[in-house]
Amino acid sequence: MFEAANIRDWIGLPVVDDAEDKIGTLESIYYDTATSEPAFGAVTTGLPGFQKLLFVPLTGATVAPKHLRTAFPKKLVKDSPTIPTDGELEASTEPVLYEHYGLQYQTGSGGERRLGRR
């Protein structure tokens, strides 16, 4: 396991926790707008027709050739805020998302959003 040089290369691959329990499939990456560093992965989960996106911090995540391993347990990730697969992460959800994982949330000096999808 190693840190990814380009986390986007793992889009479409499974996301697992430390116990190798599959959480879902990496759908996209959300970057910290202040640092341009990858901050959260959006993970597709659920049955076809009933899928949703949930978010997992990329802090401490490592990769293997066939999956991304998160440092957070599956139960915590599954309980995180979600959006529809065709939805957008609302600005009001960002602080809730950070709080869910016990991470500090702070907007930019001009009140800018913290997360942006690329």
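For the structure itself, consult the block above.
In this text the structure is predicted, and so the values were computed from the model without any measurement.

## Quick look at the pattern of salt bridges
Here is step 1: Enumeration over the complete set of coordinates arrives at five salt bridges.
Here is step 2: Put simply, Asp32 and Arg114 hold a salt bridge, and the shortest N to O gap is 3.0 Å. On the criterion of sequence distance, the pair formed by Asp32 in strand β2 (residues 22-32) and Arg114 in the loop between α2 (93-100) and β8 (115-117) is long-range, its members being 82 residues apart.
Here is step 3: A salt bridge links Asp79 to Lys75; its shortest N-O distance comes to 2.9 Å.
Here is step 4: Judged by relative accessible area, Asp79 falls into the partly exposed class, the value being 45%.
Here is step 5: You can call Lys75 exposed: its relative accessible area is 61%.

Parameters at a glance
- Residues numbered from 1 in each chain as written.
- Predicted model: local features only at pLDDT ≥ 70, side-chain atom pairs only at ≥ 80, totals over all residues.
- Heavy atoms only, no water.
- Salt bridge = Lys/Arg side-chain N within 4 Å of Asp/Glu carboxyl O.
- Helix = DSSP H or I, 4+ residues; strand = E, 2+ residues; numbered from the N terminus.
- Buried < 20%, exposed > 50% of the residue type's maximum accessible area, 1.4 Å probe, protein only.

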